[in-house]
Amino acid sequence: MSNTVSIDLVGVVAATLPKINPKVTYDIMRAHPLMLHCLRGGAFTVEDGGTEMRCAVVLEDSVNTGAIAKFESFSVTPENTLEQARYQGWPKYRFSWTMDQQEVDENSGKSRVIRLAESKQNQALHTFLAGISADLMADGTNLPAKRLDGLETFIEFATDAQQAANARTPGGLSKATYANWRNQYGEMTRFGVDGLDTWNTVYRACSGQGKHPDIAIIDDVVYGFYEKEIAPKQRLFDTQMADYGYENMMFKELPVVYDADNLSGSGKCFFLTTTGQTVKGGISPEMFTLPGLNDAPQNMGDGFGFQLHFLRQSNQKVLRIDAPRKPVNQDAFVVNGYMNPLLACSSLKRQGCTDFGANSVLY
């Protein structure tokens, strides 16, 4: 006699959700090198509420500094203080997977049911992760407003003068008004000719006051050019990034990682400064069993770059997976998962990018 009759389908799945949540969260957090880098370095926060994120930024130099002689009088001039970049609205991402009772009956035994559930879950997650990764790299113009602002919402492949003319307003601050709210940009002709020189120029332009870019995300074609250029000379790489599945090479002090899914053939290279300070240990599924990720470094930022923010869910974690529910008049159940991530930046002056402009992407 088949033992499938005694299986409480909803109960079996509901009982496994507490174990599934940390693993699913871990898989999501390492789905893209930028998200992984922010998580392992503490460039993230878990927010308890609110409808917007505010980041303090320095857009103008102070006039109230300088050296004085003994007993010399000085004047203090009223001036604009720190501005705040405002990122409004929490994007809400969801994934769902379903099972029909007939599928359960066709997979006799509790262990087979659980394996079937994991297969369904992985199918939904694969698409979910690809979607978040694409959004992180996007410029927002071709995406619904309900999705998060990606890197190209902030960073323009354009000169300083072109950015001023474009007058974009990431974080509600005008690039036309504030020169310090424009990113660095360099254009290459051919990588083998001036590629490394362009990278060095942009890197130096992004660096200052003890900060410099700490990760580069680039086109896989350009990655091949870089590998060809330096492979005979050095083979250094970020071992932790490699352990998470991301092939990389070092450029100065930062790992260079390619994104073949979203940048392939574009010639685009992002040199990003995050607010975190990379620490040993990285991330693991176990850290997501605790509310608020409180065993991971957080808020270590110094106000010079990108950071990720997550809205705390009702289960006190960054990811919520609801208990299975049976739709009316349907012999099946549905599991839904939800996450509210937000990408913010506190300094665009510390961000850089390079491409080939109107030139072909060639070595």
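Quick caveat, the model's predicted, so the values are computed rather than measured.

(A) Representation of the overall build of the protein chain within the structure. Within the protein chain one finds nine helices and 14 strands. A buried classification covers 49% of the 363 residues belonging to the protein chain. Considering only residue pairs separated by 6 or more positions, the protein chain has 77% of its internal contacts joining residues 24 or more positions apart. Of the roughly 17,600 Å² that the protein chain leaves accessible, carbon and sulfur atoms contribute 48%.

(B) Representation of the sheet that holds strand E4 (residues 93-100) in the model. As summarised here, the arrangement of the three strands in space is E4-E12-E11, forming an open sheet in which the pairing is antiparallel. The sheet terminates laterally at E4 and strand E11 (319-321), the two strands that pair on one side only. Across this sheet, the average inter-strand angle for adjacent strands is 15 degrees, counted without regard to direction. Where E4 and strand E12 (residues 332-339) come together, eight bridges link them in antiparallel fashion. Residue Asp100 lies in a different strand from E12, and its bridge partner there is Ala332.

(C) Expanded view of the pairing of strand E8 (residues 254-258). Burial analysis of E8 places four of its five residues in the buried class, which makes it a mostly covered element. As paired strands, strand E6 (residues 215-218) and E8 are joined by three bridges and run parallel to one another. Among the inter-strand pairings, Ile217 is bridged to a residue of E8, identified as Val257. Judged from the four bridges that link them, strand E7 (residues 248-251) and E8 form a sheet pairing that is antiparallel. The partner of Met249 across the bridge, within E8, is Val256.

(D) Local environment of the side chain of Asp194. By secondary structure assignment, the location of Asp194 is in helix H7 (residues 191-206). With no salt bridge to any partner, buried Asp194 finds its closest opposite charge in Arg190, at an N-O distance of 8.3 Å. The residues touching Asp194, leaving out its near neighbours within four places in the chain, are Met188 and Thr189.

(E) The layout of surface pockets, seen in detail. Looking at the largest pocket, its volume works out to about 390 Å³. Lining the largest pocket are 17 residues, and of these Ala31, Leu129, Ser133, Tyr246 and Asp261 lie nearest its centre. Examining the composition of the lining of the largest pocket, we find that six residues originate from one element, helix H4 (residues 110-137), more than from any other.

(F) Local environment of the environment of Phe356. With respect to the element layout, Phe356 can be found in the segment after strand E14 (352-355). The buried category is assigned to Phe356, whose relative accessible area is 1%. In the structure, Phe356 is positioned 89 residues away from Gly267 in sequence and 6.2 Å away in space, judged by C-alpha atoms. When sequence neighbours within four positions are dropped, the list of residues in contact with Phe356 reads Glu187, Met188, Thr189, Arg190, Phe191, Val222, Phe225, Gly267, Val361 and Leu362.

(G) Just H7, in detail. What H7 keeps buried is the set Phe191, Asp194, Gly195, Thr198, Trp199, Asn200, Val202, Tyr203 and Cys206. Positioned one or two residues after H7, Gly208 has a phi angle of 160 degrees, which is positive.

(H) Broad picture of unusual backbone geometry. Despite not being glycine, Lys252 has its phi angle at roughly 55 degrees, a positive value. Although it is not a glycine, Gln316 adopts a positive phi angle of roughly 70 degrees. By secondary structure assignment, the location of Gln316 is in the loop between strand E10 (306-311) and E11.

(I) Fine view of helix H2 (residues 33-41). When you tally the buried positions in H2, you get nine out of nine residues, the bulk of the element. One or two positions beyond H2, positive phi appears at Gly42, with a value near 85 degrees.

(J) A look at the nonpolar core. Ile28, Met29, Leu39, Tyr87, Phe95 and Leu272 are the most contacted members of the largest nonpolar core, which totals 68 residues. Ranked by residue count, the leading element in this core is H4, at seven residues. When residues no more than four places from it in sequence are discounted, the contact partners of Ile28 are Met35, Leu125, Phe128, Leu129, Ile132, Leu319 and Met339. One finds Met249, Phe251, Cys269 and Phe271 within the second-largest nonpolar core, a separate group that totals 20 residues.

(K) Representation of the sheet that holds E10 in the model. An order of E1-E10-E13 is seen for the three strands of this open sheet, with the pairing classed as mixed. Looking along the sheet, the strands with just one partner apiece sit at the ends: strand E1 (44-47) and strand E13 (341-345). Mean inter-strand twist for the sheet, computed between neighbouring axes without regard to direction, equals 25 degrees. Contacts from H2 reach E1, E10 and E13, with the element oriented near 85 degrees to E10.

(L) Expanded view of the packing of aromatic side chains. This structure, assessed with the given rule, holds 17 aromatic pairs. Each ring, one from Tyr93 and one from Phe128, has its centre 6.5 Å from the other, and the planes form 80 degrees; the classification is edge-to-face. A residue pair is termed long-range when its members are at least 10 positions apart, and Tyr93 in strand E4 and Phe128 in helix H4 qualify at 35 residues. Between Phe191 and Phe225 the ring centres are 6.2 Å apart and the planes differ by 40 degrees, which places this aromatic pair in the tilted class. One end of the pair, Phe191, is in helix H7; the other, Phe225, is in helix H8 (residues 220-230), with 34 residues separating them in the sequence. We classify Phe191 as buried; its relative accessible area is 1%. For Phe225, a relative accessible area of 13% puts it in the buried group. Clustering of aromatic rings is evident, with ring pairs tying together Phe191, Trp199, Tyr203, Phe225, Tyr226, Phe251, Phe271 and Tyr363. One Lys or Arg, Lys92, reaches over the ring of Tyr338 and ends 5.1 Å from the middle of that ring. The ring of Phe251 has Lys252 lying over it, and the distance from NZ or CZ to the ring centre is 5.6 Å.

What counts as what
Residue numbers here run from 1 along each chain, matching the order of that chain's written sequence. It should be noted that, the model being predicted, local features are given only for residues of pLDDT at least 70 and side-chain atom pairs only at 80 or more, the latter also being counted only at that level, while totals for whole chains, interfaces and linings use all residues. Hydrogen atoms and water are omitted, and side-chain values are computed over all heavy atoms in the structure. Numbering of helices and strands runs from the N terminus; a helix is a DSSP stretch of H or I covering at least four residues, while a strand is a stretch of E covering at least two. For each residue, the accessible area found with a 1.4 Å probe, counting protein chains only, is set against the maximum for its type, and the residue is called buried under 20%, exposed over 50%, and partly exposed in between. Here a residue-residue contact requires only that any non-hydrogen atoms of the pair lie within 4.5 Å. Surface exposure here means Shrake-Rupley accessible area, sampled with a 1.4 Å probe, where a residue is shielded only by the protein chains that are shown. Pairs of strands are assigned from DSSP output, requiring at least two bridges between the strands. Here the axes come from fitting lines to C-alpha atoms, over the contacting stretch only for helices, and the angles between their N-to-C directions go from 0 to 180 degrees. In this tally, Asp and Glu contribute negative charge and Lys and Arg positive charge; neither His nor the terminal groups of the chain are included. Salt bridges, as used here, are contacts in which a Lys or Arg side-chain nitrogen is within 4 Å of a carboxyl oxygen on Asp or Glu. Site definitions follow a grid-based scheme: protein atoms alone, a 1 Å grid, a 1.4 Å probe that fits but cannot get out for cavities, and for pockets an open set with protein on both sides within 12 Å along at least five of seven lines, plus lining residues having an atom within 4 Å of a point. Grid points are joined across faces, edges and corners, and a volume is the space filled by probe spheres set on the points. By convention a nonpolar core is built from buried Ala, Val, Leu, Ile, Met, Phe, Trp, Tyr and Cys residues, the set being connected through side-chain atoms within 4.5 Å. Centres within 6.5 Å are what make two rings of Phe, Tyr or Trp a pair, Trp counting through its six-membered ring; a difference in plane orientation under 30 degrees is then read as stacked, over 60 as edge-to-face, and the rest as tilted. We call a charge positioned over a ring when the NZ of a Lys or the CZ of an Arg lies within 6 Å of the ring centre and within 35 degrees of the ring normal.

These figures capture arrangement, not role.
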